[in-house]
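Residue-level listing of the chains:
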Amino acid sequence: IINTENITSPEIPDLIQYKLHRKLRFPFYEFIPDTDIVAALQKLPIKNPWMIPTKDNLSLVSQTLSADIVLVVEINKARIRQENSFSFWDDETIETTDVLLKCYAYSSADNQYYLLKASHFDSAPLSANSGLLRATTPVIDELLKKLPFSTIPSSVSTELKTPIIP
C-alpha cells in the first residue's frame, strides 16, 4: 500500500489490507509476509520499485518474489473537510470527503498490467456515521470489483465437479 496522501491514521491502510485479504483468500491466494517482501526488494537494482509501479517494475518484483500476482494499492487522495454553515434558521456542520484510490496490478501468468481507479466525493451534514473511513469503504469495494482476479480463480472453479455458490 502506497500512502502518497501521507495519512497518519492506520485505519484506512488497515481497511484496504483487510478487504484485499477477504477478496483474495487462502487456499487459492497466499500473501507474502512483509518481511520477505522487504528482504527481496533490497536485492533489486531499482531503488524503490513501489514509487513508480510500471509494468516493468512490477514484473521485476514478481520475478524476484516468485509471485503470480503483484498488487499495489495507492491512497492517492483521502481528504476530509468540515465547514460550519450558519443561517438564521439553523446551523450545521457540513463534511466534505474526497477519496481516490489507484490499484496497480500485474499478473505473471499472462503478462498483463492493470491500472484501476475508484473515487468518491460527498458533501453531507456531519453525523455519527460520517468520516473518512466511511467514505473509503465503498471506494475500496468498487476497486476490488474491478480487479480481474476473482475470489476463486476460474482455472480452479472449472476443474471442480460441484458448482461454487459465492
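Every chain is numbered independently, its residues counted from 1 as its sequence is written. Reporting in this predicted model follows two pLDDT cut-offs: at least 70 for local features of residues, and 80 or more for side-chain atom pairs to be given and counted; totals over whole chains, interfaces and linings ignore these cut-offs and use all residues. Only hydrogens and water are removed before side-chain values are computed, so all heavy atoms of the structure are retained for them.

## A word on the overall build of the protein chain
1) Next: Assigned secondary structure in the protein chain consists of five helices and three strands.
2) Next: Taken from N to C terminus, the helices and strands of the protein chain fall in the order α-α-α-β-β-β-α-α.
3) Next: Three labels apply to residues, based on accessible area from a 1.4 Å probe with only protein chains included: buried if under 20% of the type maximum, exposed if over 50%, partly exposed otherwise in between. When each of the 166 residues of the protein chain is scored for burial, the buried share is 34%.
4) Next: Throughout, a residue-residue contact means that at least one pair of heavy atoms, one from each residue, lies within 4.5 Å. Sequence separation of at least 24 residues holds for 65% of the intrachain contacts in the protein chain that already meet a minimum separation of 6.
5) Next: For the accessible areas, the method is Shrake-Rupley and the probe is 1.4 Å, while residue cover comes only from the protein chains on display. Put simply, the protein chain shows about 10600 Å² of open surface, and 53% of that area lies on carbon and sulfur atoms. Helix and strand definitions here come from DSSP, where helices need a minimum of 4 consecutive H or I residues and strands a minimum of 2 consecutive E residues; each element is numbered from the N-terminal end.

## A closer look at the environment of P13
1) Next: Note on placement: P13 falls in helix α1 (residues 11-23).
2) Next: For P13, a relative accessible area of 17% puts it in the buried group.
3) Next: On a C-alpha basis, the gap between P13 and E74 in space is 9.5 Å, while along the polypeptide they are 61 residues apart.
4) Next: Ignoring anything within four residues of it in the chain, the contact list for P13 reads I1 and I75.

## As for the packing of helix α2 (residues 34-41) against helix α3 (residues 55-65)
1) Next: At their nearest, the axes of α2 and α3 sit 10 Å apart, and the two run at 110 degrees to each other. As far as their axial angle goes, α3 and α2 are roughly perpendicular. Read as a crossing pair, α2 and α3 show a hand that is right-handed. Here D36, I37, A40 and L41 of α2 come into contact with α3, specifically with V61, T64 and L65. To obtain an axis, a line is fitted to C-alpha atoms, over the contacting stretch when the element is a helix, and the angle between two such axes runs from 0 to 180 degrees between their N-to-C directions. By definition in this entry, angles of less than 35 degrees are roughly parallel, angles greater than 145 are roughly antiparallel, angles of 65 to 115 are roughly perpendicular, and the rest are oblique. The crossing is said to be left-handed when, going from far helix to near helix, the turn is anticlockwise and less than a right angle, and right-handed when the turn is clockwise.

## Re the confidence of the model for the protein chain
1) Next: When pLDDT is averaged along the protein chain, the result is 81; 85% of the residues meet or exceed 70.
2) Next: Ranking the elements of the protein chain by mean pLDDT puts helix α5 (residues 154-157) last with 52 and helix α4 (residues 132-146) first with 91.
3) Next: The low-confidence segment residues 157-166 (pLDDT under 50) makes three contacts with residues lying over four places distant or belonging to another chain. Each residue carries a pLDDT value, the predictor's own confidence for that position, ranging from 0 to 100.

## With respect to the pattern of salt bridges
1) Next: Salt bridges are defined as contacts in which a side-chain nitrogen from Lys or Arg sits within 4 Å of a carboxyl oxygen from Asp or Glu. The full count for this structure, using the stated rule, is five salt bridges.
2) Next: Across the pair K19 and D141 runs a salt bridge, and its minimum N-O distance is 2.9 Å. Taken together, the residues K19 in helix α1 and D141 in helix α4 connect sequence positions 122 residues apart.
3) Next: We classify K19 as buried; its relative accessible area is 18%.

## Focus: the nonpolar core
1) Next: Buried Ala, Val, Leu, Ile, Met, Phe, Trp, Tyr and Cys residues form a nonpolar core when they are joined through side-chain atoms within 4.5 Å. I12, I16, I75, L101, I140, L143 and L147 are the most contacted members of the largest nonpolar core, which has 24 residues in total.
2) Next: Those elements giving two or more residues to this core turn out to be α1, β1 (69-86), β2 (91-107), β3 (112-125) and α4.
3) Next: The element contributing the most residues to this core is α4, with six residues.

## Concerning unusual backbone geometry
1) Next: The phi angle at S66 is positive, at roughly 55 degrees, despite the residue not being glycine.
2) Next: Turning to its location among the elements, S66 is positioned in the loop between α3 and β1.
3) Next: Given the relative accessible area of 65%, S66 is considered exposed.
4) Next: Positive phi is not limited to glycine here, since N111 has a value of about 55 degrees.

## Some thoughts on the sheet that holds β3
1) Next: Any two strands with at least two DSSP-identified bridges between them are counted as paired. Pairing in this open sheet of three strands is antiparallel, and the strands run β1-β2-β3 from one edge to the other. The sheet is open, and its two borders are formed by β1 and β3, each paired with just one other strand. Adjacent strand axes in the sheet meet at a mean angle of 5 degrees, parallel and antiparallel pairs treated alike.
2) Next: Where β2 meets β3, 14 bridges bridge the pair, whose relative direction is antiparallel. By the bridge assignment, I94 is partnered in β3 with P125.
3) Next: Along the sheet face, α1 touches β1 and β2 and points at about 135 degrees away from the line of β1.
4) Next: Along the sheet face, α4 touches β1, β2 and β3 and points at about 150 degrees away from the line of β3.

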